[in-house]
Amino acid sequence: MAGFSSIIGHEQIKVHLQNAISMDKVSHAYIFNGPDKSGKMMLAKSFAMALQCQQNTTEGCMGCRSCKQALSGNHPDIIYLRHEKPNTISVDDIRKQVNSDILVKPYASPYKIYIVDEAEKMSQQAQNALLKTIEEPPAYAIILLLTTNADSFLPTILSRCITLNLKAVADSTIRAFLMEEYQIPDYKADVCTAFAQGNVGKAIQLAGSEEFNEIKTSALQLLRRVKEIELYEMMEAIKQISSYKLEITDYFDIMAIWYRDVLFYKATSDANHLIFKDEVYNIKKQASKSSYEGLETIIKALGKAKQRLNANVNFELVMELLLLTIKEN
């Protein structure tokens, strides 16, 4: 982490936060709302560092004692809330780490900043305890709530915070960043960018993930053969897929993007804009065999399979129905 300038995308939010610093109009509470790995923590850390910078910059000078402490994660006036229970931030966590601590003035900084990651995990009692502090904070206090779901907060908390919604970063920006920073070839950058859906953190994770490559290889091998294989072989494939249960949405997304490529090629005969450029031979072959209706039925079935798994429908049953739909179309 090295300040706002190192963050890819989120230009409006960066400008908003830097203007707040330069115009001395910093709010006492902010909500950073966006998907996992979308950049919430980087924005919060950069904002906190800039606020505490001894050179009074809107970026953070990186050289003063305060910036160095912020960069190392050891700044006494930038406090990260910790919670012992993995799925809950309890009322005790808020009372001990925020409400009691906030009454103590900053050690050596203009502000005392609290960063609450995974804030959607706050229990209702924890939110009510935090509300009392947000309603009457000391002048030096700033609370940053990082969440994947701002709708989980009490309306009274939402009304007293400035909410910053992180938007998807442009595919072209992510693709260029992956190729420059991670030296990956264009076809791999295309796949990672397509899957990231505007989320830079996810794109970076996929670019370096061997497991993702394994899942991708497994899914594409199945798709190439799905029309020819017998039902018993299909059941073996389902057993193999079940070992990827944690990443099963990635597995479905790979299949969906492959079929979208087939549909796109069937409609345009243009291989230049395919996501899976290295699959062009198999995509052409599939496009010649499939109808438009059949491809659309498969893409819809993949979406339905994701919904069913999220609703905890039996995994083997969902996969069997999906693969039979693919086979028939």
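Residues numbered from 1 in each chain as written. Predicted model: local features only at pLDDT ≥ 70, side-chain atom pairs only at ≥ 80, totals over all residues. Heavy atoms only, no water.

Draft legend 1. How the structure looks around the overall build of the protein. Along its length, the protein carries 15 helices and five strands. Principal axes of the C-alpha set define a box for the protein whose edges measure 70 × 40 × 30 Å. Per-residue burial over the protein gives 49% buried out of 329 residues. When the accessible surface of the protein is summed, it comes to about 16,600 Å², and 49% of that surface belongs to carbon and sulfur atoms. Considering the protein, the positive charge centre built from 37 side chains and the negative charge centre built from 39 side chains are found 2 Å apart. (Helix = DSSP H or I, 4+ residues; strand = E, 2+ residues; numbered from the N terminus. Buried < 20%, exposed > 50% of the residue type's maximum accessible area, 1.4 Å probe, protein only. Areas by Shrake-Rupley, 256 points an atom, 1.4 Å probe, with all protein chains shown as cover. Lys, Arg positive; Asp, Glu negative; His and termini not counted. Charge placed at Lys NZ, Arg CZ, Asp CG, Glu CD.)

Draft legend 2. Broad picture of a nonpolar patch on the surface. Judged by side-chain polarity, Val313, Leu317 and Leu321 come together as a nonpolar surface patch covering roughly 230 Å² of accessible area. One can find Leu321 in helix 15 (residues 315–328). The class for Leu321 is partly exposed, based on a relative accessible area of 39%. (Patch = residues over 30% accessible without salt bridge, like charges linked within 9 Å, V, L, I, M, F, W, Y side chains within 5 Å. Salt bridge = Lys/Arg side-chain N within 4 Å of Asp/Glu carboxyl O.)

Draft legend 3. Region of interest: the packing of aromatic side chains. One pass over the full model with this rule turns up four aromatic pairs. Where Phe177 meets Tyr182, the ring centres are 6.0 Å apart and the plane angle is 70°; that geometry is what we call edge-to-face. Both rings, one in Phe195 and one in Phe212, keep their centres 5.2 Å apart while their planes meet at 75°; by these two values the pair is edge-to-face. Here Phe195, found in helix 8 (residues 186–196), pairs with Phe212, found in helix 10 (residues 210–225); they are 17 residues apart in sequence, far enough to count as distant. Using a relative accessible area of 1% as the deciding quantity, one classes Phe195 as buried. Over the aromatic face of Tyr292 sits the side chain of Lys266, whose NZ or CZ is 5.5 Å from the ring centroid. (Phe/Tyr/Trp six-rings, centres within 6.5 Å; stacked < 30°, edge-to-face > 60°. Lys NZ or Arg CZ within 6 Å of the ring centre and 35° of its normal.)

Draft legend 4. The pattern of salt bridges, seen in detail. Applying the stated criterion across every chain, the model contains 11 salt bridges. The closest approach of N and O atoms between Lys121 and Glu118, which form a salt bridge, is 3.1 Å. In this structure Glu118 comes out as partly exposed when scored by relative accessible area, which is 30%. With a shortest N-O distance of 2.7 Å, Asp253 and Lys306 are connected by a salt bridge. With Asp253 in helix 12 (residues 248–268) and Lys306 in helix 14 (residues 292–310), the pair connects residues that are 53 residues apart, well separated along the chain. Given a relative accessible area of 26%, Lys306 falls into the partly exposed group. Taken together, the shared-partner salt bridges connect Arg175, Asp190 and Lys277 into one network.

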